[in-house]
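This is what each chain is made of:
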Amino acid sequence: MPRAPTKKRRTTTRRWPPSRSRLEQLIEEAITDAYDESEQRTAFLTLIADRLALPFETKVLDMMVTVEQVNLGMADDIVAICRRGKKQQAIPILDLPLPRPRPAGAEWIEAYCRWVRDR
C-alpha cells in the first residue's frame, strides 16, 4: 500500500535572530507607502500573512497549538489564530513563542516586534 506523502515543514534558513540591519530593511519595506500607524500595522499584517509559512505548531502555556492564520485583533493589534482540538484562541503575535526551527517568514514577526518597540 503506498504511503501518504508527508507534509514538508517550511522553515527559515536565515540567521536567527535577524541582524539589526536586516530588521531595518524589513521595516522599511513594510512601511514605505504607509502614511500613519494604522496603515503601517496593516502593511505588517499583510506581509506576515503572505510570507509566514502557515500552519505551524508551537507551544503556548505548555500546550501544543497550531497557528492557522494571522489577523487584526480587537485592540487593532496583530494576532495569531491558534487551534488546539476544537478550541481556537487569538494570541497577540508579540506574545507568541516561536518554535525551533523557526517557520519560514518568521523574520517578519521579529521586524514587527522591533517596529512596535521603536515607535
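Keep in mind that what you see is a predicted model, and the values were worked out from it rather than measured.

Moving on: unusual backbone geometry. A cis geometry characterises the amide bond from leucine 54 onward to proline 55, with omega recorded as -5°. Within the secondary structure layout, proline 55 lies in the loop between α2 (37-51) and β1 (56-60). Cis geometry is found at the peptide bond from arginine 100 to proline 101, where omega equals -5°. Among the secondary structure elements, proline 101 is positioned in the loop between β4 (87-92) and α3 (106-118). Unlike most non-glycine residues, aspartate 62 shows phi in positive territory, near 65°. For aspartate 62, the location among the structural elements is in the loop between β1 and β2 (63-72). Looking at aspartate 62, the relative accessible area reads 71%, which means it is exposed. Within the chain, aspartate 76 stands out as a residue other than glycine whose phi angle is a positive 60°. Among the secondary structure elements, aspartate 76 is positioned in the loop between β2 and β3 (78-84).

Calculation criteria
Residues numbered from 1 in each chain as written. Predicted model: local features only at pLDDT ≥ 70, side-chain atom pairs only at ≥ 80, totals over all residues. Heavy atoms only, no water. Helix = DSSP H or I, 4+ residues; strand = E, 2+ residues; numbered from the N terminus. Buried < 20%, exposed > 50% of the residue type's maximum accessible area, 1.4 Å probe, protein only.

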